Each structure stands twice: as structure tokens, then as C-alpha cells.
Amino acid sequence: MTQDGKKDLVTLVDSASGQKFELPIIPGTMGPKVLDIRSLYGQTGYFTYDPGYTSTGSCESKITYIDGDAGVLLHRGYPIDQLAEHSDYLEVCYLLLKGELPNANQKEKFEKDIRTHTMVHEQINAFYRGFRRDAHPMAVMCGVVGALSAFYHDSLDIADPHQRMIASHRLIAKMPTIAAWAYKYSRGEPFIFPRNSLPFAENFLHMMFATPCEEYKVNPVLARAMERILILHADHEQNASTSTVRLAGSSGANPFACIAAGIASLWGPAHGGANEAVLQMLTQIGSKERIPEFIARAKDKNDPFRLMGFGHRVYKNYDPRATVMQRTCHEVLDELGVRDEPLLELAMELERIALEDPYFVEKKLYPNVDFYSGIIFRAMGIPVSMFTVLFAVARTVGWVAQWNEMIGDPHQKIGRPRQLYTGATQRDFVPLHARG
Ligand code: ACO
């Protein structure tokens, strides 16, 4: 707004016709203002062209704020490092879903609500057997989570806020069970049912590593590390998987189908699959002596190799989650008595060399959240194929919070981008015998 109460505007001039068009500027509470282009096509006959949405705000949101240049990440205004240090995952879930931190009564009730939903329908048990034992657990996750819509018919009505909240609680609560069972299935071990007396992260580790044969005690340091990892991955505004969830949901699709779409998007190595790719890359590099060779490959435009766990669409500074992750990595390795973890040493040396290299400095490529998480997971005994699954477990709350926000938004419309068409112009059909 200008001082005389008028809206700030940007004036565009069409150099071909000399016509002028005015577009309003909308401020947020923080961060860059946006240019409201909703009337652009109507006014000018032009669409915008922005592959990868590098300059496009797809929605209004009150959930997460990122300042990529300063390396700041806030959930509902709270800095991620404070949440990782002082909060727990379910409290962060409450915050993301409802907008405020819970008081003691609200926290107790929310934890009870989630606990009520940790089991999955018994028929889902049988569903797993349709998969090969060597299926990637992310493939199993896409299938089983999508199939939830066939089991929970009483929470599919997206117009009913109560049903939306039940579906959200179900997804947050069942995801660890579904993920742990994907792992158990791959090992040919019996499924371990949720133990609702345990806190969220501990319950997950218990379902992953306990067997019916003997007592399994979760190491409290590892449980705390897992809690922190879940918090660090809980939400990250309009990233690829979250935008996928919003786009799928914008057509009115049910929440379980939307989250399955989000899981599919997360799977890619440019997104959540990067934590798996980092460990494979470190293993491939093998020794500190070979780092320069791989740095050179990452810089070579003719080589598709990229330094996995480096770079981010939004962060042009150190990813604040990577800082907490690196600290957690040291804590976990200390607790487990891993004094010389070659992969950690390799990762730290790779980070040091990359951060001094002009290519990475100029392009502002810093370690992202995935750079250290794989080393922690490996030390905890989690197999590489489960890394992205853990990300999916943690991100579920972000997906459902963003999906709920979208459905509740009075301006919500079906997501339907346009295109710059560069194909053939209209031509007449040529019969087969007349084609060359
Ligand atoms: N290694 C080498 N070069 C890189 C890397 C990298 N990891 N990341 C970006 N670059 C270079 C690109 O080649 C490009 O160079 P150019 O301008 O000379 O063409 C420039 O930096 C910009 O890269 P873009 O791909 O245009 O940036 P974009 O924002 O589209 O991509 C992405 C971001 C996908 C994260 C990219 O940095 C990447 O592929 N990183 C490795 C994969 C990874 O770690 N993904 C996890 C992201 S975090 C998350 O999802 C939780």
C-alpha cells in the first residue's frame, strides 16, 4: 500500500503495441512481495512462462517461511533449530496443523488422538504380500498409502473439516507403521505392531527393529536423534512433493491418494531420494584421494554427475537443517562408539573442499539436509533403501497441513497451468498409404 492507501502497482508496457497494463503488488508478512498476475491473461492476452516455477508463488500460505539467502527456516514463525532443540515431533505436527504450539492439555489430547490411529486395517497386512520381497520400500509406500483410501471410507469427504482432520491424524499415525512394515517385509520378518505406550519416534524404531523373540530396548540417544530428524523434515513450504500434494488435492482427490502422489514425487533423486544418493555417492568416491576427481566431474557440463546433498532451489546459503543434522550425526556416532566412520570423514572433507571451490562458491551450492542424514541412518542400522521412506514419514505432516490449508482456502481453484506451445501448427490428416 502507498501512504495514501492505494495499492502498489507494477506497470507493464507492451513494446509491440505501446499499451500499458497495471498489476497489483501483494505484500506478505515477511519475504519478497508478489506480483498478482491473475488478471494478466485477461488484460494482455499473454501467459507467463516459468518452467520449474523459479519465480512463481503458487499459493498463499501461513505455515512455513524460508529465507534462502539468509539460511532461515521458520515453522509458524518458530526457527527450525529451536524446534529441533526444544520440541518433539508430535508437538511440531500440532504446530504445523493448527498454527500454534499446544498447551499441556491440547498436547496430551493430540498425542492420544494420534495413538488411537497407529494400527492399520488388518486387510492391509495381506496387501503387502502382493509385493515382491525385493521391491523398493518407496514402491511399497506409494502402493500401500494409496490403498488406504480403499479402507477408510469415513474420512474421504474433503468438504467436511472433521473428516479432513481424522484423515490427517490417520496419515501421521499410520505412516511409521506402514514404513516399518515395508522394511520388515523386505527382510522376511514378522510385522511388529505399534506399541502406543512409547513416544512417536521410539515406537517407530521399535516397529523397525524389535522381533517377537526377545525384548528390544530403544537407545534413548537414537530415539532423540530420530525425533530431531523427523522435526527437521516435517515441512518445507512449496517443494516438489508438497506442490504435488496440493495439485493432486486441487481436483478434489481424497487425502490418501494425494499423499501417495506426494510420496511418488519425493522418491526422485533431485528431491527426497537424495539422501540415498548421497550414501551411494560417498561409497562410490571411496577415499579422500578421489574427491578432486568427483569434484571435477560435478563441475563438468558434459558429465551428468552432480554432488548429491549439495545445492538447493531456495537455499543459497547453508541449509539450517544441515547444521543441526551434522551435530546430530556426531552425537549418534559418539553414542554408538563409532570413532572413525570413514564415510563421515569423507563427507566432511568433501564439504570442506567443495565450499572452498570457486564453482560451488559462485553458484552458492551448500550442503542440504540430505548430506548428513544418510550417515546417521546408516549408523542406526537403517538400510539405504529406507532413507527416503523415513523422509516420507516425517514429511507426511507437512503434506497434510498444506493440503488442509489449501482445501480451507476460499480462493482455492483446481491447479491448471498453461503452456508455451511450440509444436506443429494445424494440418490435415495424411492417410497411411500417402505417408513417406
Ligand atoms: N553439483 C554440481 N552442480 C550443481 C549442483 C550439484 N549438486 N546443484 C546445482 N548445480 C549447478 C547446476 O549445474 C547449475 O549450473 P549452471 O547454472 O552452470 O547451469 C546451477 O548449479 C544451478 O542448478 P539448477 O539445477 O539450475 O538449480 P535448481 O534449483 O533447479 O536445482 C537441486 C536444485 C535439484 C537441488 C540441485 O542443486 C541438485 O540437483 N542437487 C543435488 C541433488 C540434491 O541434493 N537434492 C536434494 C535437495 S534438498 C531436498 O529435496 C530435501
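The shown structure was predicted, so the numbers you read here are calculated from the model rather than taken from an experiment.

S.K.: Would you explain the packing of aromatic side chains in this entry?
M.R.: A complete count under the given rule lists 19 aromatic pairs for this structure. Here the aromatic rings of tyrosine 94 and phenylalanine 110 are separated by 5.4 Å at their centres, their planes lie at 85 degrees, and the arrangement is edge-to-face. With a gap of 16 residues between them, tyrosine 94 in helix 3 (residues 89-98) and phenylalanine 110 in helix 4 (residues 104-115) connect regions that are remote in the sequence. Both residues of the pair, tyrosine 94 and phenylalanine 110, belong to the buried class. Sitting over the face of the ring of tyrosine 185, arginine 133 holds its NZ or CZ atom 4.1 Å from the ring centroid.

S.K.: For this particular structure, what's the right way to read the pairing of strand 4 (residues 64-67)?
M.R.: Remember that side chains alternate between the two faces of the sheet whenever the strand is regular. With burial as the criterion, only one face of strand 4 is covered, namely that bearing Thr64 and Ile66; the residues Tyr65 and Asp67 on the opposite face remain uncovered. Connecting the antiparallel pair strand 4 and strand 5 (residues 72-75) is a turn made up of 4 residues, with glycine 71 showing a positive phi of about 70 degrees.

S.K.: Any chance you could explain the site of the ligand here in plain terms?
M.R.: By nearness alone, 21 residues border the ligand, and Arg306, Leu307, Gly309, Arg313 and Lys363 come closest of all. At 2.9 Å, a side-chain N or O of histidine 271 approaches an oxygen atom of the ligand. In the environment of the ligand, an oxygen atom lies 2.8 Å from a nitrogen or oxygen atom belonging to the side chain of lysine 363. Contact with the protein chains removes 74% of the 920 Å² of surface that the ligand exposes when unbound. Within the shell around the ligand, the residues separate by chemical class into 11 nonpolar, 5 polar and 5 charged.

S.K.: What should I look at first to understand the state of the cysteines in this one?
M.R.: By definition, a disulfide is the covalent link that joins the sulfur atoms of two cysteine residues. Tallied over the entire structure, the rule returns 0 disulfides. Left without a disulfide partner, cysteine 258 is nearest to the cysteine sulfur of cysteine 142, which lies 14 Å away. Residue classification places cysteine 258 among the buried positions, given a relative accessible area of 0%.

S.K.: How should I be thinking about the side chain of arginine 164 in this particular structure?
M.R.: Along the polypeptide, arginine 164 turns up in helix 7 (residues 161-187). Buried and unpaired, arginine 164 has no salt bridge, with aspartate 160 as the nearest side chain of opposite charge at 6.9 Å. A distance of 3.3 Å separates polar atoms of two side chains, one belonging to arginine 164 and the other to asparagine 404. Excluding residues that lie within four positions of it along the chain, arginine 164 makes contacts with Asp157, Ile158, Ala159, Trp403, Asn404, Ile407 and Gly408.

S.K.: What is the right way to look at the environment of leucine 365 in this model?
M.R.: Within the fold, leucine 365 resides in the loop between helix 16 (358-362) and helix 17 (370-379). Given a relative accessible area of 19%, leucine 365 falls into the buried group. Separated by 262 residues in the primary sequence, leucine 365 and asparagine 103 place their C-alpha atoms 40 Å from one another. Dropping the residues within four chain positions of it, leucine 365 is found in contact with Phe310, Gly311, Leu355, Tyr359 and Phe360.

S.K.: I would appreciate a short explanation of unusual backbone geometry in the present structure.
M.R.: Most peptide bonds take the trans form, and the phi angle of most residues other than glycine is negative. Located in the positive-phi region is glutamate 237, a residue other than glycine, with phi close to 40 degrees. Judged by its relative accessible area of 23%, glutamate 237 falls in the partly exposed class. Here lysine 364, not a glycine, exhibits a phi torsion of approximately 55 degrees, which is positive. Within the secondary structure, lysine 364 is located in the loop between helix 16 and helix 17. Judged by its relative accessible area of 41%, lysine 364 is partly exposed.

The rules behind these values
Residues numbered from 1 in each chain as written. Predicted model: local features only at pLDDT ≥ 70, side-chain atom pairs only at ≥ 80, totals over all residues. Heavy atoms only, no water. Phe/Tyr/Trp six-rings, centres within 6.5 Å; stacked < 30°, edge-to-face > 60°. Helix = DSSP H or I, 4+ residues; strand = E, 2+ residues; numbered from the N terminus. Buried < 20%, exposed > 50% of the residue type's maximum accessible area, 1.4 Å probe, protein only. Lys NZ or Arg CZ within 6 Å of the ring centre and 35° of its normal. Pairing = 2+ DSSP bridges. Near = heavy atom within 4 Å. Polar contact = N/O pair within 3.5 Å; in protein donor to acceptor, adjacent residues only side chain to side chain. Areas by Shrake-Rupley, 256 points an atom, 1.4 Å probe, with all protein chains shown as cover. Nonpolar A, V, L, I, M, F, W, Y, C, P; charged D, E, K, R; others polar. Disulfide = S-S within 2.5 Å. Lys, Arg positive; Asp, Glu negative; His and termini not counted. Salt bridge = Lys/Arg side-chain N within 4 Å of Asp/Glu carboxyl O. Contact = heavy atoms within 4.5 Å.

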